Amino acid sequence: MEFWDEIVGQPAAVGVLERAAAPEVVPAHAWLITGPPGSGRSNLALRFAAALIARDPADRDHVYAQVAARTHPDVAVLSTERVIIPIEDVRKLIPTAYYSPSEGRFRVIVIEDADRMSEHASNVLLKALEEPPERTVWVLCAPSEADLLPTIRSRARSLRLVTPQPEQVAHMLQARDGIPFEAAERAARLAQSHIGMARRLATDAEALARRTSTIELALGVSTLGEGMGAAGALLKVADADAKALTESLDEREREEALRNLGVAPGAAVPPQLRAQVRALEEDQKRRATRGLRDGIDRILTDLLSLYRDVLLAGMGSGSDLINAEHAPAIAELAERWSVARTLGVVAGIEQARDRLARGVTPGLVLEALFARIAVDIEDLR
């Protein structure tokens, strides 16, 4: 595969960054890459970092391998497993921007999920962007420009990504991961072109089964009692999904940490080292909290795709269904529901997402949503 081939469906963005990374060009000191989840923001940012660092285009793949592994001395990447990026992490990152490049043409600082910075953390970053070092380039990633302070947006060149077509994602998964095209295409459709989720659905049968369960549970709701049951069941689905993603990682992290601390496998942790182990465990708990909320958000995304299908079926648009495997049940629901009711449920999903972002307990978020799904608001007037 060519250097930019994993960046799916973004020819305009790739063209801009390829020109900016040319040896004779002095790039903007700060970039803001925005786009919907799964559009490849972080991957594009890391590819751009490698292109900026490499002294020769022929070295890009080698540099990218180091950048992706977070081992290249001229790149710093800030990501978080927490709900927000704390101000302390931003303060630790900023001094590294003033180091001169040790091997490459530029030093590159990448902040993934920059929208998760608190306002105080954003203001700390703003000061660094106002006085940029000559050979340092900042690359911020966020879903939209509106997710960052206007003062930060004004100091960065903005690059907007689009949602790739499912066929494009499928071809990439086939070429990169050897996934049969039919399975890759189905996964890309169900993931709504979210590249990471498409790969997971195509390679993890349990993840695909959990998504199928989400759709079937929602389609089976016709009473308030069934709605509350579905909410509880989906909370378990999200918890299982989060644990599947974090448990193996937690274990590997703990084993590596104990090995680095000189603790033999199976041995008790010495008292003088317990504080460090507790700190790791607290970080893992915070990651689990975010993992559950991310799992709920994935469920809300899947539900949004379902009621989008119901809405299109009810309007007779003839558009292809995302959840084509459930076409008969979707058609039946579209006959029973009015367009207004379906739109009300779609609005309820967006409200649920907002509540989740504001820290409302996930179980309550799902219960409120399924109460709305089960009860026709028109019947209450």
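All of these numbers come straight from a predicted model, not from anything done at the bench.

A. Structural context of the overall build of the protein. Looking only at helices and strands, one finds 15 helices and 5 strands in the protein. Since a compact globule built from 381 residues should have a radius of gyration of about 21 Å, the 23 Å found for the protein is in line with a globular shape. Looking at the protein as a whole, 46% of its 381 residues are labelled buried. Sequence separation of 24 or more characterises 73% of the internal contacts of the protein that already satisfy a separation of 6 or more. Surface accessibility of the protein: about 18,700 Å² in total, with carbon and sulfur atoms responsible for 53%. Separation of charge centres in the protein, based on 46 positive and 55 negative side chains, amounts to 5 Å.

B. Quick peek at the pattern of salt bridges. Inspection of the entire model under this criterion finds 18 salt bridges. When salt bridges with common partners are traced through the structure, they connect Glu6, Arg47, Arg176, Asp177 and Arg199 into a single cluster.

C. Focus on the pairing of strand E1 (residues 30-34). In terms of burial, E1 is a largely internal element, 5 of the 5 residues being buried. Pairing of E1 with strand E4 (residues 136-142) involves 5 bridges; the strand directions are parallel. Pairing of Thr34 across the sheet is with Ala142, part of E4. Taken together, the 4 bridges between E1 and strand E5 (residues 157-160) define a ladder with parallel strand orientation. Note that in E5 the partner of Trp31 across the bridge is Arg157.

D. Layout of the pairing of E4. Across the 7 residues that make up E4, a large majority, 7, are buried. Every second residue of E4 is oriented toward a common face, with Thr136, Trp138, Leu140 and Ala142 on one face and Val137, Val139 and Cys141 on the other, all of them buried. Where strand E3 (residues 107-111) lies against E4, 5 bridges are found, and the strand directions are parallel. By the bridge assignment, Ile109 is partnered in E4 with Trp138. Handedness of the crossover joining E3 and E4 through helix H5 (residues 119-130): right-handed.

E. Up close: the side chain of Arg41. With respect to the helices, strands and loops of the structure, Arg41 is situated in helix H2 (residues 41-53). Asp113 is the oppositely charged side chain nearest to the buried, salt-bridge-free Arg41, at an N-O distance of 4.0 Å. At 2.5 Å, the side chain of Arg41 forms a polar contact with the backbone oxygen of Gly35. Other than its neighbours up to four places away in sequence, Arg41 contacts Ile33, Thr34, Gly35, Pro36, Asp113, Cys141, Ala142, Pro143 and Leu161.

F. Fine view of the sheet that holds E1. Overall, parallel pairing links the 5 strands, which are arranged E2-E3-E4-E1-E5 in an open sheet. For this open sheet the edge positions go to strand E2 (75-78) and E5, each flanked by a neighbour on one side alone. Averaged over neighbouring strand pairs, the angle between their axes works out to 15° when direction is ignored. Bridge count for E2 against E3 is 4 bridges, and the pairing is parallel. Each bridged residue has a counterpart across the sheet, and for Leu78 the counterpart in E3 is Ile111. Across the face of the sheet, H2 comes into contact with E1, E2, E3, E4 and E5 while running at roughly 170° to E4.

G. Fine view of the nonpolar core. In this structure, Trp4, Leu44, Phe48, Val67, Val108 and Val139 are the most contacted members of the largest nonpolar core, which totals 33 residues. Listing elements by their share of this core, those giving two or more residues are helix H1 (11-20), E1, H2, helix H3 (60-68), E3 and E4. Take this core: its biggest share by element is 9 residues, from H2. Of all hydrophobic cores here, the second largest spans 30 residues; its members include Ala230, Val237, Ile349 and Ile373.

H. Quick look at a nonpolar patch on the surface. Taken together, Met315, Val339 and Leu343 make up a surface patch of nonpolar side chains, about 270 Å² in accessible area. Along the polypeptide, Val339 turns up in helix H14 (residues 339-357).

I. Highlighting the environment of Ile330. Relative to the helices and strands, Ile330 resides in helix H13 (residues 327-336). For Ile330, a relative accessible area of 0% gives the class buried. Apart from the residues lying within four places of it in its own chain, the contact partners of Ile330 are Leu306, Asp309, Val310, Ala313, Leu321 and Asn323.

Rules behind the numbers
- Residues numbered from 1 in each chain as written.
- Predicted model: local features only at pLDDT ≥ 70, side-chain atom pairs only at ≥ 80, totals over all residues.
- Heavy atoms only, no water.
- Helix = DSSP H or I, 4+ residues; strand = E, 2+ residues; numbered from the N terminus.
- Rg over C-alpha atoms; globule rule 2.2 N^0.38 Å.
- Buried < 20%, exposed > 50% of the residue type's maximum accessible area, 1.4 Å probe, protein only.
- Contact = heavy atoms within 4.5 Å.
- Areas by Shrake-Rupley, 256 points an atom, 1.4 Å probe, with all protein chains shown as cover.
- Lys, Arg positive; Asp, Glu negative; His and termini not counted.
- Charge placed at Lys NZ, Arg CZ, Asp CG, Glu CD.
- Salt bridge = Lys/Arg side-chain N within 4 Å of Asp/Glu carboxyl O.
- Pairing = 2+ DSSP bridges.
- Right-handed = clockwise from strand over helix to strand, strands pointing away.
- Polar contact = N/O pair within 3.5 Å; in protein donor to acceptor, adjacent residues only side chain to side chain.
- Axes fitted to C-alpha atoms, helices over the stretch in contact; angles between N-to-C directions.
- Core = buried A, V, L, I, M, F, W, Y, C linked by side-chain atoms within 4.5 Å.
- Patch = residues over 30% accessible without salt bridge, like charges linked within 9 Å, V, L, I, M, F, W, Y side chains within 5 Å.

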